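Topology and contacts: notes
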Amino acid sequence: MKRSIATVFFVALAGTFALAGTKPRPRFDARLPVLGTTFHSLPAGSGKGLVEGSCFRCHSADMLVQQRLTEKQWTAEVDKMIRWGAVVKDPDKPAMLAYLAKHFGPENKFAPIRTRPSGY
Ligand code: HEC
C-alpha cells in the first residue's frame, strides 16, 4: 500500500512536469534585438565628452537619448544623479545641461526600439 501511494505521487509529479513542458512559450520575433542591447551613442556636440565622462559610469547613452526634458527638468535630473553618486564639477554643469537640453529636449524624436527578452 505504501509503495503504491509513492508511485501515484511520482506519476502525478512527472505528469505535472510533462504538462509544464508542453506549456506554450510566449512568442517573440527572433529578429528583434535582445533586451539589454546597447543601441545608441551620443550625438556630436560640445558637452558630449562631459556627459560621457560623468554619466556612462553607471548607464549607457540609451538612458539619455530617450528623454524629452526641458533645461529646467535636466537640471533637476542631473542634480538627482549627483545625489545618487555622479561626479559633475560645478564649472562643467552649464555646458552639460546645454548639451542635454539641446539634444534631448521636448522636441526629441527618439523612437523606442522594440526588444525581446534574452532566451527567446
Ligand atoms: C552613480 C550612478 C549614476 C550616475 C553616475 C548617473 N546616473 Fe543616471 N541613473 C542612475 C540610476 C541607478 C538610474 C535609475 C535606473 C533605472 O531606473 O533603471 C538612473 C536613471 C537616469 C535617468 C532616467 C530617469 C530617472 O531619473 O530614473 C536619466 C535621464 C539619467 N539617469 C541621467 C543621468 C545623467 C545625465 C547623468 C550624468 C550627469 C547620470 N544619469 C549619471 C545612476 C546614475
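Residues numbered from 1 in each chain as written. Predicted model: local features only at pLDDT ≥ 70, side-chain atom pairs only at ≥ 80, totals over all residues. Heavy atoms only, no water.

1. Considering the environment of Ser46
- Inspection of the secondary structure assignment puts Ser46 in the loop between α1 (2–22) and α2 (48–55).
- Residue contacts for Ser46: discarding those within four places in its chain leaves Ala95 and Tyr99. (Helix = DSSP H or I, 4+ residues; strand = E, 2+ residues; numbered from the N terminus. Contact = heavy atoms within 4.5 Å.)

2. Some remarks on the packing of aromatic side chains
- The final tally for this structure, using the stated rule, is two aromatic pairs.
- On the numbers, 6.2 Å between centres and 80 degrees between planes, the contact of Tyr99 with Phe104 is edge-to-face. Both residues of the pair, Tyr99 and Phe104, belong to the buried class. (Phe/Tyr/Trp six-rings, centres within 6.5 Å; stacked < 30°, edge-to-face > 60°. Buried < 20%, exposed > 50% of the residue type's maximum accessible area, 1.4 Å probe, protein only.)

3. Comments concerning the coordination of the iron atom of the ligand
- Within the first shell, the iron atom of the ligand binds the protein through His59 (NE2) and Met81 (SD), at distances of 2.0 to 2.3 Å.
- Around the iron atom of the ligand, the six donor atoms are arranged such that angles at the metal cover 86 to 179 degrees; this shape is classified as octahedral. One end of the pair, His59, is in the loop between α2 and α3 (62–65); the other, Met81, is in helix α4 (residues 71–83), with 22 residues separating them in the sequence.
- With relative accessibility at 23%, the residue His59 sits in the partly exposed group. (Donors = N, O, S within 2.8 Å, 3.2 Å for Na, K, Ca; no water. Tetrahedral: all angles 85-135°; square planar, octahedral: opposite > 155°, others 65-115°.)

4. A look at the site of the ligand
- Neighbouring the ligand are 16 residues; Cys55, Cys58, His59, Lys80 and Met81 lie closest to it.
- Contact between the ligand and Glu77: an oxygen atom at 2.7 Å from a side-chain N or O atom of the residue.
- The contact in question runs from an oxygen atom of the ligand to an N or O atom on the side chain of Lys80, over 2.6 Å.
- Where the shell around the ligand is concerned, the elements lending two or more residues are α2, α3, α4 and α5 (93–103).
- Considering each element in turn, the shell around the ligand owes the most residues, four residues, to α4.
- Residue composition of the shell around the ligand, grouped by class: ten nonpolar, four polar and two charged. (Near = heavy atom within 4 Å. Polar contact = N/O pair within 3.5 Å; in protein donor to acceptor, adjacent residues only side chain to side chain. Nonpolar A, V, L, I, M, F, W, Y, C, P; charged D, E, K, R; others polar.)

5. Structural notes on the packing of α2 against α5
- Between α2 and α5, the least distance of the axes is 8 Å, while the angle of their chain directions is 100 degrees. Classified by the angle between their axes, α2 and α5 sit roughly perpendicular to one another. Touching Lys48, Leu50, Val51 and Ser54 of α2 are Ala95, Met96, Tyr99 and Leu100, all from α5.
- Split by residue class, the contact of α2 with α5 holds six nonpolar, one polar and one charged. (Axes fitted to C-alpha atoms, helices over the stretch in contact; angles between N-to-C directions. Parallel < 35°, antiparallel > 145°, perpendicular 65-115°, else oblique.)

6. Regarding the pattern of salt bridges
- Following the criterion strictly, the structure yields three salt bridges and no others.
- A salt bridge links Arg31 to Asp29; its shortest N-O distance comes to 2.9 Å.
- Judged by relative accessible area, Asp29 falls into the partly exposed class, the value being 32%.
- Glu52 serves as the salt-bridge partner of Lys48, at 3.9 Å between the closest nitrogen and oxygen. With Lys48 and Glu52 both in helix α2 and four residues apart, this pair spans about one turn of that helix.
- Note on Lys48: relative accessible area 25%, which makes it partly exposed. (Salt bridge = Lys/Arg side-chain N within 4 Å of Asp/Glu carboxyl O.)

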